[in-house]
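Take a look at the letters that make up each chain.
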Amino acid sequence: MGLTAKKLREDLDALAQREPRLAAALERVGYPEARVREAGFATMLRTIIGQQVSVASAASVWNKLEAELGADFTPACLLSRDFDTLRACGLSRQKQGYARSLCELAHSGELDLHNLPADDEEAIALLTRIKGIGRWSAEIYLLFAEGRADIWPAGDLAVQEGVKRLLDLEERPAEKATRALAEPWSPQRGSMAIFTWHFYANPAL
């Protein structure tokens, strides 16, 4: 499971002891809510379905898939349906390609989402074998579904903007710089990532 509220608080309190700007930010905006997703095939498929569409559109596609395939459908269930059937559920040709890639890897046993490598980079490399899943999507899955404590999605624009505001930088740092700036926050960068989203979105700032 993802990082719990208790874990977030513990990590951020530890980081605040060596990062005064975080301590000040916590005083202003408080602690973030936990963002936890269930590990497994369904969460990764939801990630694919949700790419570049609204939350409402993604929910509509998911509901249609469940109506067609069953509430707890397996990768094999989706693979057994033809293009037109999945198209009627709202999956475009591109999304079907991504979904089938995930289902084929999971069904064959090449990808076991409940037994990913313990090493973060190895896990990311395995997840990005799925068509349509880049580093950012892999990192988000590992952070929210597995609660990996040191995941740092440096390519996320909101994380970059949150770092800019937190460190009072003149410009939003690019991905490489965002990754370098976070090195002192290891091994609790996952909690810091969730805080940067919270800090970025806070209307009081």
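Residues numbered from 1 in each chain as written. Predicted model: local features only at pLDDT ≥ 70, side-chain atom pairs only at ≥ 80, totals over all residues. Heavy atoms only, no water.

**Focus: the environment of M192**
Reasoning step 1: Along the chain, M192 falls in helix α12 (residues 189-201).
Reasoning step 2: For M192, a relative accessible area of 0% puts it in the buried group.
Reasoning step 3: For M192 and L12, which are 180 residues apart along the polypeptide, the C-alpha to C-alpha distance reads 6.9 Å.
Reasoning step 4: When residues no more than four places from it in sequence are discounted, the contact partners of M192 are L12, L15, L22, W152, L166 and W185. (Helix = DSSP H or I, 4+ residues; strand = E, 2+ residues; numbered from the N terminus. Buried < 20%, exposed > 50% of the residue type's maximum accessible area, 1.4 Å probe, protein only. Contact = heavy atoms within 4.5 Å.)

**Side note on the nonpolar core**
Reasoning step 1: By size, the foremost hydrophobic cluster in this structure holds 61 residues, and its most contacted members are L127 and F195.
Reasoning step 2: With residues up to four places along the chain from it excluded, the contact list for L127 reads M44, L111, L113, L116, I133, A138, Y141 and L142. (Core = buried A, V, L, I, M, F, W, Y, C linked by side-chain atoms within 4.5 Å.)

**A few points about the packing of aromatic side chains**
Reasoning step 1: One pass over the structure, following the stated rule, counts five aromatic pairs.
Reasoning step 2: Through pairs of rings, three or more aromatic residues link up here, namely F41, W62 and F73.
Reasoning step 3: The ring of W197 is capped by R35, whose NZ or CZ atom sits 4.9 Å from the centre of that ring. (Phe/Tyr/Trp six-rings, centres within 6.5 Å; stacked < 30°, edge-to-face > 60°. Lys NZ or Arg CZ within 6 Å of the ring centre and 35° of its normal.)

**Structural notes on helix α1 (residues 5-16)**
Reasoning step 1: A rise of 1.5 Å per residue sets the reference length of α1, with its 12 residues, at 16 Å; its end C-alpha atoms lie 16 Å apart and thus fit the reference within 8%.
Reasoning step 2: Within the span of α1, buried status applies to L8, D11, L12, L15 and A16. Angular distribution of buried residues about the axis of α1 spans 135°; they occupy a single face of the element.
Reasoning step 3: Here the buried face of α1 lies against α2 (20-29) and α12. (Expected span 1.5 Å × (residues − 1). Arc of directions from axis to C-beta.)

**Observations regarding helix α7 (residues 93-108)**
Reasoning step 1: In this model, α7 (16 residues) spans 22 Å end to end at C-alpha, consistent with the 22 Å of a helix rising 1.5 Å per residue.
Reasoning step 2: Along α7, the positions that sit buried rather than exposed are K95, Q96, Y98, A99, R100, S101, L102, C103 and L105.
Reasoning step 3: Close packing links the buried residues of α7 with α3 (41-50), α5 (75-79) and α6 (83-88).
Reasoning step 4: One or two positions beyond α7, positive phi appears at G109, with a value near 90°.

**Some details on the environment of E10**
Reasoning step 1: Among the structural elements, E10 can be located in helix α1.
Reasoning step 2: On the basis of relative accessible area, E10 is assigned to the partly exposed category, the value being 41%.
Reasoning step 3: Here K6 takes part through its side chain, which lies 2.6 Å from a polar atom of the side chain of E10. (Polar contact = N/O pair within 3.5 Å; in protein donor to acceptor, adjacent residues only side chain to side chain.)

**Digging into the packing of α3 against α7**
Helix packing geometry: the angle between the two helix axes and the distance between the axes.
Reasoning step 1: Look at α3 against α7: their axes get within 10 Å of each other, and the N-to-C directions meet at 165°. Judged by the angle between their axes, α3 and α7 are roughly antiparallel. As for the relative orientation of α3 and α7, their crossing is right-handed in sense. Residues F41, M44, L45, I48 and I49 of α3 form the contact with α7, whose own contacting residues are K95, Y98, A99, L102 and C103. (Axes fitted to C-alpha atoms, helices over the stretch in contact; angles between N-to-C directions. Parallel < 35°, antiparallel > 145°, perpendicular 65-115°, else oblique. Left-handed = near helix turned anticlockwise from the far one by under 90°.)

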